[in-house]
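Take a look at the letters that make up each chain.
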Amino acid sequence: MITEIAPTAPPVVTEPARPGKRRRAWDEVPRRQIYLPLGIYLLFTLVPFYWILLFAVRPAGSTSLIPWPVTFDHFQKVWTERSFGTYFTNSVYVGIATLVLTTLVALAGGYALARFDFRLKRGFMLALLCSQFVPGALLLVPLFQIFANLRMINSLGSVVLAETVFQLPLSMILISGFIRNVPYSLEEAAWVDGCNRLTAFRIVVLPLLRPGLVAVGSFAFVHAWNHFLFALMFLSDQSKQTIPVGLNTLMSADSVDLGALAAGGIIAAVPVVIVFAFIQKWLITGFSAGAVKG
C-alpha cells in the first residue's frame, strides 16, 4: 500500500538582520507614551525650583509670576545681615572634613572586608547593614554625653565625628564591593615584583578605585552639608552653626521672610548642584560597581 506524502511547504528564507537595523522594544512604543510621563515628571520637578528662584530674585511685596525687575537684595541680606557667609564657611569645613575622614576610614575598612577572612565577618557585615536602620535621633543622647566628656560640645569637630560615624557603615560596604571587582591577581603580580601590600595597594588598586572613592566621598559630603540634626544639637554658638541651622533661623513663630529663605536655600543648593554636575559620571559608575559583588 502506497501512501501519498503531502507536499511540504518550501522553507522560508529570512533575510538576516542588517547591522544597526535591529528593532528594539521601545521603538514600537509611541513617542507620546514616553514623553508625556517624562514631561509631567519634569514639570513637578522644576516648578518648585522656579518658585524658590522667583521669591529669591523678586522684590519684596511683589506678587508677579515673572521675576521683573530682578533684585539681589535678598542674597545680600542673608549673606551679610544673617551671617550666611559664616554659615557657608562652617558647612564647607564640615563637609570637606567629613569627606576626607569618611573616605580614609572606609577605604581601610573596605579593604579589610574585601581581602581578608576573619571570624564573624558575615556577622560584622550584617551589623553594618542593620546600623543603617537606626535613625540619627537615637544617637543624639549617647553622642552628646560622649562629646560632653571629651569637651567637644560647641565644636565643629563634634559634628564632623558624628557625621563620619553615621556615614561609615554604608561607605565601607560600597568600598568593599568595589575592591572585590579588582582582580586579586594584580596585587599578587605586584608582590612578585617586590612591592609590599601597602605599596601594591597604592600603585595598583587605588587608581582603579577612583569612581568608588568619588561616590563615597560625594555621598558623605552631601549628607554632611544638608544634615540639620547634629549641627543643631552640638553647636550652640551662632558663629559655628552651619547652613541648615542658619536656614532655620530665618523662620520664626510669627513670620517667615520668604525672600531671604529662598535666597538662603539657593545658596545652600548651588554648591551641591555644581559638585554633582562635575562628578555624575563617576558617581553612577561608583555606586553601580560597589553594589555588585565581584
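Structural data are supplied above this passage.
The shown structure was predicted, so the numbers you read here are calculated from the model rather than taken from an experiment.

**Comments concerning the overall build of the protein chain**
Counting its secondary structure elements, the protein chain contains 12 helices and zero strands. Going from the N terminus to the C terminus, the protein chain shows its helices and strands as α-α-α-α-α-α-α-α-α-α-α-α. In the protein chain, buried positions account for 34% of the 294 residues. Taking all contacts inside the protein chain whose residues are at least 6 apart in sequence as the whole, residues at least 24 apart take part in 74%. Carbon together with sulfur atoms contributes 68% to the accessible area of the protein chain, which is approximately 18,900 Å² in total.

**Examining the packing of helix H3 (residues 84-115) against helix H9 (residues 210-226)**
Remark: H3 packs on H9, axes separated minimally by 8 Å, with the N-to-C direction vectors making an angle of 145°. Here the hand of the crossing between H3 and H9 comes out right-handed. Of H9, the residues touching H3 (which contributes Phe-88, Ser-91, Val-92, Val-94, Gly-95, Ile-96, Thr-98, Leu-99, Thr-102, Thr-103 and Leu-107) are Leu-213, Gly-217, Ala-220, Phe-221, Ala-224 and Trp-225.

**Examining the packing of aromatic side chains**
A full pass over the atoms with the stated rule returns 13 aromatic pairs. Between Phe-88 and Trp-225, the aromatic rings sit 5.5 Å apart at their centres with planes inclined by 85°, giving edge-to-face as the arrangement. Residue Phe-88 is found in helix H3, and its partner Trp-225 is found in helix H9; the two are separated by 137 residues along the sequence. Judged by relative accessible area, which is 23%, Phe-88 ranks as partly exposed. For Trp-225, a relative accessible area of 2% gives the class buried. Look at Phe-166 and Phe-230: their rings are 6.1 Å apart centre to centre, the planes differ by 85°, and that puts the pair in the edge-to-face class. Highlighted residues: Phe-166 in helix H6 (residues 156-180) and Phe-230 in helix H10 (residues 229-234), separated in sequence by 64 residues. When its relative accessible area of 23% is taken as the criterion, Phe-166 is described as partly exposed. Within the aromatic cluster, the residues linked to one another by ring pairs are Phe-144, Phe-147, Phe-166, Phe-230 and Phe-234.

**Here's the deal with the pattern of salt bridges**
All chains considered together, the criterion is met by two salt bridges. Close ionic contact of Arg-115 with Glu-187 constitutes a salt bridge, the shortest N to O distance being 2.6 Å. Note that Arg-115 is positioned in helix H3 and Glu-187 in helix H7 (residues 184-192), a separation of 72 residues in sequence. Like Glu-187, Arg-115 is buried. For the salt bridge of Lys-121 with Asp-117, the shortest nitrogen-to-oxygen distance reads 3.5 Å.

**Here we look at the environment of Arg-197**
Structurally, Arg-197 is set in helix H8 (residues 197-205). A residue is classified by how much of its surface remains accessible, and Arg-197, at 31% relative accessible area, is partly exposed. In sequence terms Arg-197 and Glu-187 are 10 residues apart; their C-alpha atoms lie 7.8 Å from each other. Not counting the four nearest positions on each side in its chain, Arg-197 is found in contact with Tyr-111, Phe-116, Tyr-184 and Trp-191.

**So, a nonpolar patch on the surface**
A contiguous nonpolar surface patch, about 840 Å² in accessible area, is contributed by Tyr-50, Trp-51, Leu-65, Ile-66, Trp-68, Val-70 and Phe-72. With respect to the helices, strands and loops of the structure, Tyr-50 is situated in helix H1 (residues 31-57). The partly exposed category is assigned to Tyr-50, whose relative accessible area is 38%.

What counts and how
Residue indices follow the written sequence of each chain, beginning from 1 at its first position. Residues qualify for local features only when their pLDDT is at least 70, as the model is predicted, and side-chain atom pairs are given and counted only at 80 or more; totals for whole chains, interfaces and linings, by contrast, use all residues. Hydrogens and waters are ignored; side-chain quantities use all the structure's heavy atoms. Secondary structure elements are defined from DSSP: runs of H or I of at least 4 residues count as helices, runs of E of at least 2 residues count as strands, and each element is numbered from the N terminus. Between buried and exposed lies partly exposed: a residue is buried under 20% and exposed over 50% of the maximum accessible area for its type, with that area taken using a 1.4 Å probe on protein chains only. Contacts between residues were defined by any pair of non-hydrogen atoms, one from each residue, lying within 4.5 Å. Accessible areas in this description were obtained via Shrake-Rupley with a 1.4 Å probe; residue shielding takes into account the shown protein chains only. Only the stretch in contact is used when a helix axis is fitted, and all axes are lines through C-alpha atoms; the angle between N-to-C directions ranges over 0 to 180 degrees. The handedness criterion is simple: a crossing whose near helix is rotated anticlockwise from the far helix by less than a right angle is left-handed, and one whose near helix is rotated clockwise is right-handed. Side-chain rings of Phe, Tyr and Trp (the six-membered ring for Trp) are treated as a pair once their centres are within 6.5 Å; stacked means planes under 30 degrees apart, edge-to-face means over 60, and tilted covers the remaining angles. The working definition used for a salt bridge is a side-chain nitrogen of Lys or Arg within 4 Å of a carboxyl oxygen of Asp or Glu. Only residues whose relative accessible area exceeds 30% and that form no salt bridge are eligible for patches; like-charged ones are grouped when within 9 Å, while nonpolar side chains (Val, Leu, Ile, Met, Phe, Trp, Tyr) are grouped when within 5 Å.

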